[in-house]
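Report on the structure
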Amino acid sequence: DAMVIQNPRYQVTQFGKPVTLSCSQTLNHNVMYWYQQKSSQAPKLLFHYYDKDFNNEADTPDNFQSRRPNTSFCFLDIRSPGLGDAAMYLCATSREAPQETQYFGPGTRLLVL
Amino acid sequence: DQQVKQNSPSLSVQEGRISILNCDYTNSMFDYFLWYKKYPAEGPTFLISISSIKDKNEDGRFTVFLNKSAKHLSLHIVPSQPGDSAVYFCAASATGTASKLTFGTGTRLQVTL
């Protein structure tokens, strides 16, 4: 089945220790997104790639970076995680933009100790 | 500034009755609206969408109504089933914003027997 896969599902890291979250898709979609969702809050877009073009949200902290080496994979790098970065991180894809339905992966829950 | 608001954090409905989930928005540039459903430990799943050129869209038991003048949309589920118990997110996007979705904070629906 075509899908969006996120690994790992749960990630524990130490304060200040870099961490990378992974997303892959078999949908062959052009656009990939990373969202951060904290408890009882709305998912918040961090950035997205339209093909190889990277689009950062204005309020995304510099601590968050992303890489998309090919169509199928996208990575979220958190250079120096703080306690406030503990959240669910959701990857999504869409075929094109705009007004295209986004398909989400199951998310990675990040815990920062 | 929260541009998409879901003012009811939770809703309980009996099986077989109608569930009505509400969403308000403030940005008049939004022209595409979606509802996502989220089970615990899973990513959001697309449910139904509506473009601003319509005021109603129906898909089986799910109907979305859009009132542009009131900047309000609602999701009706008839009849409600226990499997509908989940968190429902309203999301909106505006043409020309590179498919950025703005989400509400979600409404937890509990369908009781």
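Relevant structure appears above.
My aim in this report is to walk through the structure given alongside it, one point at a time.

Analysis parameters
Residues numbered from 1 in each chain as written. Chains lettered and ligands numbered in written order. Predicted model: local features only at pLDDT ≥ 70, side-chain atom pairs only at ≥ 80, totals over all residues. Heavy atoms only, no water. Pairing = 2+ DSSP bridges. Helix = DSSP H or I, 4+ residues; strand = E, 2+ residues; numbered from the N terminus. Axes fitted to C-alpha atoms, helices over the stretch in contact; angles between N-to-C directions. Contact = heavy atoms within 4.5 Å. Buried area = accessible area lost by both parts, 1.4 Å probe. Salt bridge = Lys/Arg side-chain N within 4 Å of Asp/Glu carboxyl O. Polar contact = N/O pair within 3.5 Å; in protein donor to acceptor, adjacent residues only side chain to side chain. Nonpolar A, V, L, I, M, F, W, Y, C, P; charged D, E, K, R; others polar.

1. Looking at the sheet that holds strand S1 (residues 4-7) of chain A
Residues and elements named next belong to chain A.
- Pairing within the open sheet is antiparallel, and its four strands lie in the order S1-S3-S8-S7. With partners counted over all chains shown, the strands left at the sheet margins are S1 and strand S7 (64-67), one partner each. With direction set aside, neighbouring strand axes in the sheet form an average angle of 20°.
- Relative to strand S8 (residues 73-78), S7 is paired through four bridges, and the arrangement is antiparallel. In the strand pairing of S8, Arg67 is matched with Phe75.

2. So, the interface of chain B and chain A
- If you look at the interface, chain B gives 21 residues, while chain A gives 21 residues.
- Regarding the contact of chain B and chain A, the summed buried area is about 1,700 Å², with carbon and sulfur atoms giving 59% of it.
- Linking chain B with chain A are zero salt bridges, by the criterion used here.
- Across the chain B-chain A interface, the total number found is two residue pairs in polar contact (both at pLDDT 80 or more).
- When contributions to the side of chain B that touches chain A are tallied by element, the ones reaching two or more residues are strand S4 (32-38) and strand S9 (86-93) of chain B.
- A total of four residues in the side of chain B that touches chain A trace back to one element, the largest contributor, which is S4(B).
- For the side of chain B that touches chain A, the residue count by class is 10 nonpolar, seven polar and four charged.

By themselves, these observations are geometric and do not establish any function.
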